[in-house]
Every structure is written in structure tokens, then in C-alpha cells.
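# Topology and contacts: notes
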Amino acid sequence: MSPPLEYLRNRPIPDQANARVARAGFRTKVPLDTAHVLYGESLVDVRAYGIAGDNFYHSEKNPPYWRRIDGSIPDLLARRTVVEKLAAVNDRLKPAGLELYLFDAWRPRAVQAYFHDVWTPAELQRRNPSLTGAALLAEVETYWAAPTDDPMLPAPHSTGAACDLTLRFIGSDQLWMGSIFDDATPLAHRDRFETSGADLAFSDEEARANRRLLHWVMTADSFTGHPDEWWHFSWGDQLWAALSGAGAAHYGLAQPS
């Protein structure tokens, strides 16, 4: 029997130090199992399975960008098995009046390249002009994977196995998570409010409880979470394999049919 959701709101997220070590260089450390039965699985739109969301990059209501990103699409696409697992998470949340809400799933290369190569480095340098060279690239890649066309080194969102999401009341407001989506600072780190000491504001305590709930309901269905992004979860890609200890990834580059 699964533990009650209120218990999960009070269950601390583990220290993410080991996850950060496992994530380092995951694309070169974890092989793709091209013979796996799921390797060629199709992409489907999550909303066809009753999962709520809107593509954040295709909207103009998407702070801190406030504009539709060139190359973005309106669809929220993910591998069929991943979507079925998301639907199972929703089934568990429903009795509490909650559901998942997706910001992003499969991502076109143009969107990945824009944020990795243009927007994020410029914004990080605006905030800290001394950040240059390898240090700048490392900070960018804390949050944005480098785009690639190499079928053996796919960025997570290019596989259709990674999703950016949050929790909301069914058909209504999102739960407070302590930062906006895509906050490229330590405020977004999954364990931020676990390590901030005992003197937390009410808002921080609520964010901590909600991050815990999101983390545990997703990991209960064998998703793994990016240690530095509270919203990013995946199943079947190389990051999932690195964080879960799986020997290989199920999914490589994907393209909509």
C-alpha cells in the first residue's frame, strides 16, 4: 500500500550530492540499448491521455522569457510508456484533488540550442559579468544540456523520456514550489529547502512540502529527478539510467511522426 500523500509532504528529499556526481558526464558514461523493445517507441501527446499542460516555450505567458520561443511547438510529446507512467501518477494524486501539470516534454533541437547557446549564457553573464569560459559553460550546463545530432549522445528532452512538470489542484492553480519554472539559479535545486536551516518562512515551508510530494510521487513510479531542477523528471533516458543505476538507457533521439 502506498503511503498517504500527507506523509510524503513531510518526508525529506535526500541530499542530492550523490545524484550530482552521478549526473556528471552521464551522456558519455551511459550506453543506449538500441536493441531494447522500447527503443523505437512512438511519441504521443500527453494531453490525449488526460494529462494537463501547455508547452511553456510556445506561450507568451512564460516568464522570464515573455515571448514565444522560435522553433517551439504547441504539442507536449513523450514516449508512450512514459506517458502511461505519468497517468499512473495522476491516478494516485486524484483522490487528493491534485494532478500533474506539464510545462515541457520532447523538445526541438532549435529550442535546446537557443537556451544553451544564447539565452542562458547571456543572462548568467548579465547577472555575473565575471563568469566566462569554462566556468560559464559549466553553469549553463547545470540547467541546459548541450544540443547534439549524435544519436548516441542525445540531450534528455530530445529523447521524449524527460518531462518538466509540477503539481496543481485539478483544473486549477499550481502548487507553490518556491521558484518559477526554469529558474537557472540554486533556488531551483531539488533539495534547496532541505538545506536552508530551520528558520524558514511559511512560503519556504510550503515549497519544501510540495517539492517533497512531487519528488516522492514521481520516484514511486521509478522516475528519476534532475538534482538541480525540481521540475525535471525522466524515465528511460541516459540521465535516468545514470541516476537509477540502470545499465543502459532505453530511449535515444526521437522525432515526431
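Preceding this section is the structure that the text describes.
For the structure given in this document, a descriptive report is provided here. (Residues numbered from 1 in each chain as written. Predicted model: local features only at pLDDT ≥ 70, side-chain atom pairs only at ≥ 80, totals over all residues. Heavy atoms only, no water.)

## Some thoughts on the sheet that holds strand β4 (residues 98–104)
Strand pairing in a sheet is mediated by backbone hydrogen bonds. Such pairs are either parallel or antiparallel. Filter applied, for reference: Two strands pair under a simple rule: DSSP has to find at least two bridges between them. The way it works is that DSSP assigns letters per residue, a run of H or I at least four long becomes a helix, a run of E at least two long becomes a strand, and they are numbered from the N terminus. The criterion used for residue contact is that any of the two residues' heavy atoms lie within 4.5 Å. Fitting a line to C-alpha atoms yields each axis, with helices limited to the stretch in contact; the angle taken between N-to-C directions then spans 0 to 180 degrees.
Spatial strand order, β2-β4-β5-β7-β6: 5 strands in an open sheet with mixed pairing. In the strand order of this sheet, the two ends are held by β2 (52–53) and β6 (224–225), each with one partner. One ladder, built from 6 bridges, connects β4 with strand β5 (residues 162–169); its direction is antiparallel. Residue pairing for β5: Leu98 is matched across the bridge by Phe169. Sheet strands in contact with helix α4 (residues 80–93) are β4 and β5, and its direction is about 145 degrees off that of β4. Along the sheet, helix α7 (residues 202–219) contacts β4, β5 and β7 (232–234); its crossing angle with β5, the most-contacted strand, is approximately 125 degrees.

## Brief notes about the packing of aromatic side chains
Condition: Side-chain rings of Phe, Tyr and Trp, where Trp is taken by its six-membered ring, are said to pair if the distance between their centres is within 6.5 Å; with planes under 30 degrees apart they count as stacked, over 60 as edge-to-face, and otherwise as tilted. Exposure classes here rest on a 1.4 Å probe applied to the protein chains alone. A residue is buried below 20% of its type maximum, exposed above 50%, and partly exposed in between.
Evaluation of the coordinates by the stated rule reveals 19 aromatic pairs. Ring geometry for Tyr57 against Phe115: centres 5.2 Å apart, planes inclined by 50 degrees, an arrangement best described as tilted. Residue Tyr57 is located in the loop between β2 and β3 (77–79), and its partner Phe115 is located in helix α5 (residues 109–127); the two are separated by 58 residues in the primary sequence. On the basis of relative accessible area, Phe115 is assigned to the buried category, the value being 0%. Relative to Phe115, the ring of Tyr114 lies with its centre 5.0 Å away and its plane at 70 degrees, an arrangement referred to as edge-to-face.

## Topic: the pattern of salt bridges
Put simply, the test is: Whenever a carboxyl oxygen of Asp or Glu lies within 4 Å of a side-chain nitrogen of Lys or Arg, that contact is scored as a salt bridge.
Scanning all chains against the criterion turns up 12 salt bridges. Here Arg47 and Asp54 are joined by a salt bridge, their closest N and O atoms 3.8 Å apart. Given the relative accessible area of 45%, Asp54 is considered partly exposed. Each of Glu6, Arg9 and Glu206 takes part in a single network of salt bridges with overlapping partners.

## Focus on α4
Test applied: In this analysis, the expected span of each helix is defined as 1.5 Å times one less than the number of residues it contains.
Its 14 residues place the ends of α4 20 Å apart at the C-alpha level, agreeing with the 20 Å of an ideal helix rising 1.5 Å per residue. Of the positions making up α4, those classed as buried are Thr81, Val82, Val83, Lys85, Leu86, Ala87, Val89, Asn90 and Leu93. Residues of α4 that are buried sit in contact with α1 (5–9), β1 (43–45), β3, β4, β5 and α7.

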